[in-house]
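# Coordinate analysis (summary)
Residues per chain, in single letters:
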Amino acid sequence: MADSTLSQVVGSQAMGTGLSAEPAPDVARGRFVKALRRSPKGLAGLLLVGLVLACAAAAPILAPHDPAQQVLGWRFLPPAWATGGSWEHILGGDNLGRDIFSRILVGARTSIAVAVVVVTLAATIGSLLGAVAGYAGGIVDNIIMRLADFLLAFPFLLLALMIMAILGPGFWTMVLALSIALWVNYARVVRGEALRIEQMEFVEAARSIGVPGWRIVLGHVVPNVIPSVLVLATLEVALVIIAEAALSFLGLGVQPPTPSWGKMISEGRDFLYDAPWMVLGPGLVILMTSVGINLFGDFLRDFIDPRTER
Amino acid sequence: MLPLIIKRIGYALIIIAGIAFVVSAMTKLVPGDPVDVMAAGNPGMTEADKARLRSQLGLDRSMMDQYVSYLGNALQGDLGTSLRQRVPTAQLILERLPATAELTLWSMVLALLVAVPIGVVTALRRDSPVDTAGTVVAVLGVSTPSFLLGVLLILLFSVQLGWLPASGYKGSVIAAIPRAIVEGRFDLLWQKARYFLLPSVSLAFGLMAVNARLIRSAMIETIRQDYVQFARAKGVPPRTVVLRHALRNAIIPVITMIGLQLGNLLSGAIVAETVFAWPGIGRLSVQAITTRDYPLVQATVLITAVLFVAMNLIVDLLYHVIDPRMRHG
Amino acid sequence: MSAPLLQIQDLRVEYASPRGPVQAVAGVSLTLERNRILGLVGESGCGKSTVGQALMGLIQSPGRIAGGDIRFEDKSLIGLPEREMRKLRGDRLSMIFQDPTATLNPVLTIGDQIAELFRWHRPQMRRREVQARVTALLERVGIVDADRRCRAYPHELSGGMRQRVVIACALALEPALIVADEPTTALDVTVQAQILDLLRGLQSEHGTAVILVSHDLGVIAETCDDVAVMYAGRVVESGPADEVLARPRHPYTAGLIASRPSIMAPDQVVRPIPGTVPDLARPPAGCAFHPRCRHAVATCRDAIPTLSAIREEPRHAVACPLAA
């Protein structure tokens, strides 16, 4: 009861000073859809990404075979359109006699799972730390930002690699390593926003009434940063997917028998003479996904901030 | 300008000290008993070995103690001994450093050599088919992971066409240049250079795309500037206007980015070296990690980090020399 | 009687824009004799800078010269191949831009930037000769210690000094015509006076013709022999500066003069011209000024008035049927 009066006061203060949180959700969504329809970049990106997502989601149903099943007769089976291939194994078989198509579909799940978990983790940790740093200021801010600068000094993959060097290979260490390497960008964005909001009058008003800091953070900082965080997240999903593929390629990420596109390419590399299709299938899919996300991310970036001349 | 240099160097040293700390404390950070993990990766370790290892790794000492002793040893050139290969890690690293260094260098050179003309042309011919083609290449460049490109290049040029070797390293090209000039035998250079070609291209492609975009937007911005118009008003021929007036200014942001990009190259090199079986530090690090060879991991991580920080420092200082506006603070 | 140095006839410059073609210059005719200073005055967007750029051949896509003729030294500049035009630029025709900070290339020394003119237009001159000329030029425009200053970068100089360097560039090859586009607008008031003095002195010394583009009537009054007032891409009044400014015939000119506060007459009522400049993509019908004009009548909307001489002052022309 007291809460609702409080939020009314804070809310009306916000209106009074003419600040905008964000425009009414319906209006924003309408604008977004319209811009999307007009952008070939955005549409192409969305299409590609949608395709991959659909495959991943439908993997259990779509996959004609068990990805882990090894059948001697399927070893180095060429893809359906080549001589010796069959339509039962559209993309052929690998060196252990596993169906490549099924592995690619299930691999999609791995990649997406890793990407989603990592980005969510990084976004959450980063946003929280950023909000705290921005709002608390002082030593806390200093420490967090120094840590961020330190981590930021290194390229993403290198950092992830170094963390994995310490923690050892494996799915969860990879997730952890990637998250640690990624949170910094979110922290910066959110901190910037927190600092901006902090200076606004209604925050002072709220504080003078005794609204606790965390409520202000949650109630005002968070809604304002969501668009920027979302754009960042979308762009970084591509980064994570490629990083996961690279780490798995190196043998450091996902461990067998879980299929991963990167691992498949690594396995295929040894058999380029015998079965080049082992590499082409997963390679093409990685490319598709990455291009799709980059295109869509570009479109998103233009939409949110059309000022940047490209 | 001197206080600036000192400040930068100081900051770099702090970063390196921090990394050294993390690296030295690495064994403590590993979940579980690191010695058991190492034993699992290295069959043939006796209990005595394990005990010795434990004290060697300083697992019985505090983090601070470990740090100090590690640092002390490192400054004397002792970075531990590889478990797998039983030789000093420093030696392994030194052996492999030139290969990585040269690969990085050639990749950067290649990337810039291609990026500059593409960037300039797409800027001058905005919104033309040339520009669209450039954009497509740029998107591909940014989206294609270097390991994938490397494997595809091998598939095309080694497997299908047989033109270039799929892996291996036959020595430094730079070191071979003097002899080639003296003896007039450039086929000697090619012997070595052909091994560099595919790995460099796989690394350079992404970098090239990024730089081409960078140069394009910098050029577009620069061309709009009054001083470019003024140069035209003076009757300076267009090619000179582009090169001397526009590009000279447009290249400044690119040079700022080079430090960042060298770092990306380094991390890309780790992957490329694995694809092409290149005997460099990158491949060494990966091997170290997979075999849980902790001393080697510590050493490679530290050295990679130091290299990285040093590179950035040099480029940073170089930037101050190139832009006259920066020279005066 | 020899042909005038410069004759612009019915010049039209168009810009393509998302809203359709914009007539930045919609039929401007001007004449300039040697050793005269012509002021081109008007508010932002009236097309005065565009005329200067068209003269120099600097109009680039999305703009283009859509019609008319520019005759310089009895040669037509329209349709002149770019290579020929380039030979003229900097040599017979030069330009001074508005913001000296933006005009000079930040990564080249000022000596280099002046020497560049000699390098391209007088390739046979030796380096030492060029260097001597550059130093002499810097001294002439009032930069002390020219020898050392040659090696300075633009950011080491003050705004006034930078503009002097630009003027040095404009004068280096002793051109017949200089287009000065708002040369003092970006400078402090005290520096403005110095630069104008410099310009006038050098002009009379060399007999150079100058087109001074400005929105500042004070600058025009002080410096120019003749003046042409522009509005919405057309010349609405032209003639000797003292006549036009003392006895303006066009309502716009009168309005411009009246809207300037004067230190000398503190009690004078300042009357701004009501309304705003028209959108050149959709100009008003007939006389472009009529929506803002106090004296407008119905016929003002029917036809675009042409510039015609006033009977009593034949060199003074005005584009207003009510004024002639």
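Refer to the structure printed above.
I will try to describe carefully the structure that is included in this document.

Reading the values: rules and limits
- Residues numbered from 1 in each chain as written.
- Chains lettered and ligands numbered in written order.
- Predicted model: local features only at pLDDT ≥ 70, side-chain atom pairs only at ≥ 80, totals over all residues.
- Heavy atoms only, no water.
- Contact = heavy atoms within 4.5 Å.
- Salt bridge = Lys/Arg side-chain N within 4 Å of Asp/Glu carboxyl O.
- Polar contact = N/O pair within 3.5 Å; in protein donor to acceptor, adjacent residues only side chain to side chain.
- Helix = DSSP H or I, 4+ residues; strand = E, 2+ residues; numbered from the N terminus.
- Pairing = 2+ DSSP bridges.
- Axes fitted to C-alpha atoms, helices over the stretch in contact; angles between N-to-C directions.
- Buried < 20%, exposed > 50% of the residue type's maximum accessible area, 1.4 Å probe, protein only.
- Disulfide = S-S within 2.5 Å.
- Nonpolar A, V, L, I, M, F, W, Y, C, P; charged D, E, K, R; others polar.
- Core = buried A, V, L, I, M, F, W, Y, C linked by side-chain atoms within 4.5 Å.
- Phe/Tyr/Trp six-rings, centres within 6.5 Å; stacked < 30°, edge-to-face > 60°.
- Lys NZ or Arg CZ within 6 Å of the ring centre and 35° of its normal.
- Expected span 1.5 Å × (residues − 1).

Interface extent is often summarised as the accessible area lost during association of the parts. Counting residues at the interface gives 47 residues for chain B, matched by 37 residues for chain A. There are zero salt bridges connecting chain B and chain A. Here chain B is connected to chain A by three residue pairs in polar contact (both at pLDDT 80 or more). Counting residues per element, the ones that place at least two in the side of chain B that touches chain A are helix 1 (2-24), helix 2 (26-29), helix 7 (129-143), helix 8 (146-160), helix 10 (186-223), helix 12 (238-275), helix 13 (281-290) and helix 14 (294-322) of chain B. For the side of chain B that touches chain A, the leading source of residues is helix 8 of chain B, giving eight residues.

Residue and element names in this part refer to chain C. The strand order across the open sheet built from eight strands is 6-7-8-3-9-10-12-11, with neighbouring strands paired in mixed fashion. The sheet is open, and its two edges are formed by strand 6 (93-96) and strand 11 (308-309), each paired on a single side. Contacting strand 3 (37-41), strand 6, strand 7 (177-181), strand 8 (209-214) and strand 9 (226-231), helix 1 (residues 48-56) runs over the sheet at an angle of about 145° to strand 6.

Right, let's talk about the environment of C:Tyr252 for a bit. All names here are of chain C. Locating Tyr252 in the fold gives a position in helix 11 (residues 251-258). Residue classification places Tyr252 among the buried residues on the basis of a relative accessible area of 0%. Counting along the chain gives 23 residues from Tyr252 to Val229, while the straight-line C-alpha distance between them is 8.6 Å. Setting aside residues up to four positions removed in sequence, Tyr252 forms contacts with Gly42, Glu43, Val229, Met230, Tyr231, Val236, Ile273 and Phe289.

Right, let's get into the pattern of salt bridges. Residues and elements named next belong to chain A. A full pass over the atoms with the stated rule returns 27 salt bridges over all chains. Salt-bridge contacts for Arg103 lead to Glu267; the nearest nitrogen and oxygen are separated by 3.5 Å. Of the two residues, Arg103 sits in helix 4 (residues 100-136) while Glu267 sits in helix 10 (residues 261-269), which places them 164 residues apart along the sequence. On the accessibility criterion, Glu267 (18% relative accessible area) is buried.

Now for the environment of C:Glu33. Residues and elements named next belong to chain C. The topology assignment puts Glu33 in the loop between strand 2 (22-32) and strand 3. Counting along the chain gives 29 residues from Glu33 to Pro4, while the straight-line C-alpha distance between them is 4.9 Å. Glu33 has contacts with Pro4, Leu5 and Ala209, leaving out every residue within four places of it along the chain.

All names here are of chain C. For the structure on display, the rule yields zero disulfides over all chains. In this structure Cys150 is a free cysteine whose sulfur lies 11 Å from that of Cys169, the closest cysteine sulfur available. You can call Cys150 buried: its relative accessible area is 4%.

Attention now moves to the interface of chain C and chain B. On the chain B side, the residues contacting the 31 residues of chain C number 21 residues. The interface formed by chain C and chain B includes two salt bridges. B:Lys234 is paired through a salt bridge with C:Glu116; the nearest N and O atoms lie 3.2 Å apart. If you look at where chain C meets chain B, you find 11 residue pairs in polar contact (both at pLDDT 80 or more). For the side of chain C that touches chain B, the secondary-structure elements that each account for two or more residues are helix 2 (82-88), strand 6, helix 3 (100-103), helix 4 (110-121) and helix 7 (159-171) of chain C. It is helix 4 of chain C that contributes the most residues to the side of chain C that touches chain B, seven residues altogether. Residues of the side of chain C that touches chain B, tallied by class, amount to 15 nonpolar, eight polar and eight charged.

Counting residues in hydrophobic clusters, the biggest one holds 110 residues, and the most contacted among them are A:Phe154, A:Leu178, A:Tyr186 and B:Phe147. If sequence neighbours within four positions are ignored, B:Phe147 has contacts with A:Ile242, A:Ala245, A:Ala246, A:Phe249, A:Ile265, A:Ile286, B:Val271 and B:Val275. In this structure, C:Val28, C:Ile70, C:Leu137 and C:Ala168 belong to the second largest nonpolar core, which totals 97 residues.

Here the structure, examined in full by the defined rule, presents 12 aromatic pairs over all chains. Aromatic pair B:Phe157 and B:Trp163: ring centres 6.0 Å apart, planes at 45°, arrangement tilted. Judged by relative accessible area, B:Phe157 falls into the partly exposed class, the value being 21%. Residue class for B:Trp163 comes out exposed when judged on its relative accessible area of 56%. On the basis of an interplanar angle of 85° and a centroid distance of 5.8 Å, the ring pair of B:Phe230 and C:Phe97 is categorised as edge-to-face. Residue B:Phe230 is located in helix 11 (residues 226-233), and its partner C:Phe97 is located in the loop between strand 6 and helix 3; the two belong to separate chains. Here B:Phe230 and C:Phe97 have matching classes, each one buried. Directly above the ring of B:Tyr195 sits B:Arg194, whose terminal nitrogen or CZ lies 5.7 Å from the centroid.

A separate point is helix 11 of chain B. Residue and element names in this part refer to chain B. With seven of eight residues buried, helix 11 is to be regarded as a mostly interior element. For helix 11, the full list of buried residues reads Tyr227, Val228, Gln229, Phe230, Ala231, Arg232 and Ala233. Looking at the residues trailing helix 11, positive phi occurs at Gly235, about 85°.

On to helix 4 of chain C, then. Relative to the 16 Å expected for 12 residues at 1.5 Å per residue, helix 4 of chain C spans 18 Å between its end C-alpha atoms, a close match to the ideal helical length. The set of residues buried in helix 4 of chain C consists of C:Ile110, C:Gly111, C:Gln113, C:Ile114, C:Ala115, C:Glu116, C:Leu117, C:Phe118 and C:His121. Residues of helix 4 of chain C that are buried in the fold lie against helix 12 of chain B together with helix 2, helix 5 (127-140), helix 6 (146-149) and helix 7 of chain C.

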